[in-house]
Amino acid sequence: MLQFLLTRVMTAIPTLLLVTVLVFLLTRMVPGDPALLMLGDMATEKSLADLRHSMGLDQGMIQQFIIWFGNVLQGNFGHSIQSGQDVLPLILQRFSVTLSVVLAAIAIASLLAVPAGMLAAWKQNSSLDTGLVMFSTFLLSIPSFWMGLLILLLFGLQLGWLPVVGYVSLSDNLKAGVLYLLMPVMTLVLVEIGALVRMMRASTLEVLRLDYVSHARAKGLRERTVLSRHVFPNAFGPTLTLIGLTLGNLLSGVAVTETVFSLPGLGRLLVDAIYARDYPVIQGCMLFIATLYVLTNLLIDALYPLFNPRVSA
């Protein structure tokens, strides 16, 4: 298992280095003078020169990358042109909002999807199985922004049960914070649960056909024991991988949901920075998101041997 984890870590390091280079190059490939784009047409020559010097734009590309990468290794992502704040604390502040929404959504979706997928496989070709598969397929066909708008229209405007716009931190007011997060979490749960149900159903069906399951049943074990002790540990591995990919995708791509519900999260910060052409924030967000995605999948790789003994062999 240790060798497996070391292999994954050694694979993640060059991936992160490549991402760092790509983030830097993509930002520098934007047409026009970045300093002029950030300060606007009314900027003076002195302010332009000062900004170019502070960002290293008056030096060669290789030197610019070395300076920027060196600052990043020290935790210095620069300063926001729009607000003047340090980029890294700003990212971490916004990320706490995104993390609370995503973790709640992925936990609820997993708790619902795993037993539903196993139940559908256990009752294969029954009306229950058909209904779960059809419902999962239906949810997969709805885009996240459309699902969010439907939920906002129903629970926020029509029924008036939940607040429509705004955000309250959970640390400031737990009850109000939960109410503001209910619709975004519900949106992500409905968007992602369909794929998890189908994956758990498919992997459970595969395991149910194996000889050791038939042997366990022949020994007289109760069906509940067969499912929990023999089927679930072996069927959950592929679903765990999908949960990891879903978690990474949500952490990096929740901007649409945050925009619909006006949440001050990381995705919304990136969108606002793109509109404002705030390049330090754009670079910081892209690098942070990419690093987060790689580390999330590294964590899932570390957990995977627990559900697949052959990996640790």
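Rules behind the numbers
- Residues numbered from 1 in each chain as written.
- Predicted model: local features only at pLDDT ≥ 70, side-chain atom pairs only at ≥ 80, totals over all residues.
- Heavy atoms only, no water.
- Phe/Tyr/Trp six-rings, centres within 6.5 Å; stacked < 30°, edge-to-face > 60°.
- Lys NZ or Arg CZ within 6 Å of the ring centre and 35° of its normal.
- Helix = DSSP H or I, 4+ residues; strand = E, 2+ residues; numbered from the N terminus.
- Buried < 20%, exposed > 50% of the residue type's maximum accessible area, 1.4 Å probe, protein only.
- Polar contact = N/O pair within 3.5 Å; in protein donor to acceptor, adjacent residues only side chain to side chain.
- Contact = heavy atoms within 4.5 Å.
- UniProt positions renumbered as here; feature names shortened; annotations may be inferred.
- Axes fitted to C-alpha atoms, helices over the stretch in contact; angles between N-to-C directions.
- Parallel < 35°, antiparallel > 145°, perpendicular 65-115°, else oblique.
- Left-handed = near helix turned anticlockwise from the far one by under 90°.
- pLDDT = per-residue confidence, 0-100.
- Salt bridge = Lys/Arg side-chain N within 4 Å of Asp/Glu carboxyl O.
- Patch = residues over 30% accessible without salt bridge, like charges linked within 9 Å, V, L, I, M, F, W, Y side chains within 5 Å.
- Areas by Shrake-Rupley, 256 points an atom, 1.4 Å probe, with all protein chains shown as cover.

Is there a simple way to think about the packing of aromatic side chains in this case?
Each pair of aromatic rings is reported with the distance of its centres and the angle of its planes. Scanning the model with the defined rule gives seven aromatic pairs in all. Each member of the aromatic cluster is reached from another via a ring pair, and the members are Phe24, Phe65, Trp68 and Phe69. Sitting over the face of the ring of Trp122, Lys123 holds its NZ or CZ atom 4.5 Å from the ring centroid.

Honestly, the side chain of Thr246 in this entry has me stumped. Any pointers?
Looking at the secondary structure, you find Thr246 in helix 10 (residues 223-253). Given the relative accessible area of 5%, Thr246 is considered buried. Engagement of the side chain of Thr246 in a polar contact is seen with the backbone oxygen of Leu242, the distance being 2.7 Å. Discounting chain neighbours no more than four positions away, the residues touching Thr246 are Ile106, Glu192 and Leu196.

Please clarify how the environment of Met61 should be interpreted in this entry.
Looking at where Met61 falls in the secondary structure, it is placed in helix 4 (residues 61-73). Along the backbone, Met61 and Leu103 are 42 residues apart, and their C-alpha atoms lie at a distance of 39 Å. Those residues in contact with Met61 that lie beyond four places of it in its chain are Phe24, Leu25 and Arg28.

Help me understand the UniProt feature "transmembrane region" (unreviewed entry) in the protein, please; the structure alone is not making it clear to me.
As annotated in UniProt, the feature "transmembrane region" (unreviewed entry) corresponds to residues 97-120, 132-157, 177-197, 239-261 and 281-300 in the numbering used here. Helix makes up 100% of residues 97-120 and strand 0%, with an end-to-end C-alpha separation of 34 Å. The span residues 177-197 is 100% helical and 0% strand by assignment, and the distance between its end C-alpha atoms comes to 29 Å.

Can you walk me through the packing of helix 7 (residues 144-158) against helix 8 (residues 174-208) in this structure?
Packed helix pairs are characterised by how far apart their axes lie and by the angle those axes make with each other. Between helix 7 and helix 8, the least distance of the axes is 9 Å, while the angle of their chain directions is 135°. Relative to helix 8, the element helix 7 is oriented oblique. The interaxial crossing formed by helix 7 with helix 8 has right-handed handedness. Residues Ser144, Met147, Gly148, Ile151, Leu152, Phe155 and Gly156 of helix 7 pack against Met183, Met186, Thr187, Leu190 and Val191 of helix 8.

Sorry, what's going on with the confidence of the model for the protein here?
Across the protein, the average pLDDT comes to 82, with 92% of residues at or above 70. Within the protein, helix 2 (residues 34-39) has the poorest average pLDDT of any element, 70, and helix 6 (residues 127-140) the best, 91.

Sorry, what's going on with the environment of Arg229 here?
With respect to the element layout, Arg229 can be found in helix 10. Residue Arg229 is classed as exposed on the basis of its relative accessible area of 56%. For the pair Arg229 and Leu73, spaced 156 residues apart in the sequence, the C-alpha separation amounts to 46 Å.

Would you take a moment to explain the pattern of salt bridges for this structure?
Note that side chains of opposite charge can pair when their charged atoms are close. Enumeration according to the criterion identifies four salt bridges in this entry. Between Asp50 and Lys46 there is a salt bridge, and its shortest N-O distance comes to 2.9 Å. Taken together, the residues Asp50 and Lys46, both in helix 3 (residues 45-55) and four residues apart, mark about one turn of the helix. Given a relative accessible area of 40%, Asp50 falls into the partly exposed group. Measuring nitrogen to oxygen at the nearest pair gives 3.6 Å for the salt bridge that ties Arg268 to Asp272. Of this pair, Arg268 and Asp272 both sit in helix 12 (residues 266-276), separated by four residues, roughly a single helical turn.

Is there a simple way to think about a nonpolar patch on the surface in this case?
A surface patch of nonpolar side chains, about 650 Å² in accessible area, is lined by Leu18, Val21, Leu22, Leu25, Leu26, Met29 and Met61. With five residues, the single largest contributor to the nonpolar patch is helix 1 (residues 2-28). Position of Leu22 among the secondary structure elements: in helix 1. According to the relative accessible area criterion, Leu22 is partly exposed, its value standing at 42%.

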